[in-house]
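# Architecture and fold: a report
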Amino acid sequence: MITVYTGQGKGKTTSAIGEAVLAYSEGKRVLMVQFLKGSTYSGELAGLNRLGIPLIQFGVGCRWSGMIRTGMKHCTGCGECFRQNRNPEIALELIQQAINFVAEEIEANIYQVIILDEISHALNRGFLDLNQLRELLSTESSRHLHWILTGRGMPVALESLADNWWDLNMLKHPFSKGVKSRRGIEY
């Protein structure tokens with residue numbers, strides 16, 4: 001099965017992690033691969049590591065991640081970590097490395113659930129061809145897998161492949177009242 005979490009609101013990665021924890025609790029092996037995110041401090045990175053669920057990041061990270069990780073600095077949401085990953089000279093190689101890594105893991109037949117977090121950004125920016133992703137999702141070796149794809153603006157062309165398609169949008173959030181992101185809640 002293929003599940004997609006998309007939309008302009010928060011909760012896409014969090015929803016994917018919820019499914020990962022459920023699968024893990026039933027003895028399934030889970031792998032999470034983050035596209036165009038790297039060495040950025042996030043609660044999911046620490047939490048999944050504690051559970052023994054591998055989260056592999058393919059992206060350029062935040063220069064402040066070490067300080068954020070220790071609590072010395074607060075994530076301001078400046079977006080620097082995302083802007084660096086939009087540079088084609090950096091992103092194209094990272095995306096290809098991620099796809100090659102996932103293909104190797106499929107062939108190794110270790111996992112039952114694979115999450116491709118923020119894959120939509122690679123597709124929407126032209127760093128990954130939609131047909132290459134379709135091939136990855138539909139190879140004979142990957143038919144037994146439960147796939148979870150996340151990211152804003154997921155290409156509608158993938159909808160026909162998906163068994164579940166969620167569009168998450170914000171109705172109300174403390175950010176709109178000026179409340180800063182909270183460690184352990186938003187990151």
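Now for a description of the structure that goes with this document. (Residues numbered from 1 in each chain as written. Predicted model: local features only at pLDDT ≥ 70, side-chain atom pairs only at ≥ 80, totals over all residues. Heavy atoms only, no water.)

## Focus: the overall build of the protein
Looking only at helices and strands, the protein features 7 helices and 6 strands. Starting at the N terminus, the α and β elements of the protein follow one another as β-α-β-α-β-α-α-α-β-α-α-β-β. The C-alpha atoms of the protein give a radius of gyration of 16 Å, which matches the 16 Å a tight globule of 187 residues would have. Considering only C-alpha atoms, the protein reaches an extent of 45 × 40 × 30 Å along its principal axes. Among the 187 residues that make up the protein, the fraction classed as buried is 43%. Expressed as a percentage of contacts within the protein between residues at least 6 apart in sequence, the contacts between residues at least 24 apart total 73%. Of the roughly 10100 Å² of accessible surface on the protein, 53% is carried by carbon and sulfur atoms. Both charge centroids of the protein, one from 20 positive and one from 18 negative side chains, sit 14 Å from each other. (Helix = DSSP H or I, 4+ residues; strand = E, 2+ residues; numbered from the N terminus. Rg over C-alpha atoms; globule rule 2.2 N^0.38 Å. Buried < 20%, exposed > 50% of the residue type's maximum accessible area, 1.4 Å probe, protein only. Contact = heavy atoms within 4.5 Å. Areas by Shrake-Rupley, 256 points an atom, 1.4 Å probe, with all protein chains shown as cover. Lys, Arg positive; Asp, Glu negative; His and termini not counted. Charge placed at Lys NZ, Arg CZ, Asp CG, Glu CD.)

## What about the pairing of strand 4 (residues 113–117)?
A large share of strand 4 lies buried, amounting to 5 of its 5 residues. Side-chain alternation along strand 4 places V113, I115 and D117 on one buried face and I114 and L116 on a second face that is also buried. In this sheet, strand 5 (residues 146–150) lies alongside strand 4 in parallel orientation, the contact comprising 4 bridges. Its bridge partner lying in strand 5, I115 is registered against I148. (Pairing = 2+ DSSP bridges.)

## Thoughts on helix 5 (residues 88–108)
With 21 residues, helix 5 extends 30 Å from end C-alpha to end C-alpha; this agrees with the ideal 30 Å at 1.5 Å per step. Looking at the buried positions of helix 5, the neighbouring elements they touch are strand 2 (30–35), strand 3 (55–58), strand 4, helix 6 (119–124), helix 7 (130–138) and strand 5. (Expected span 1.5 Å × (residues − 1).)

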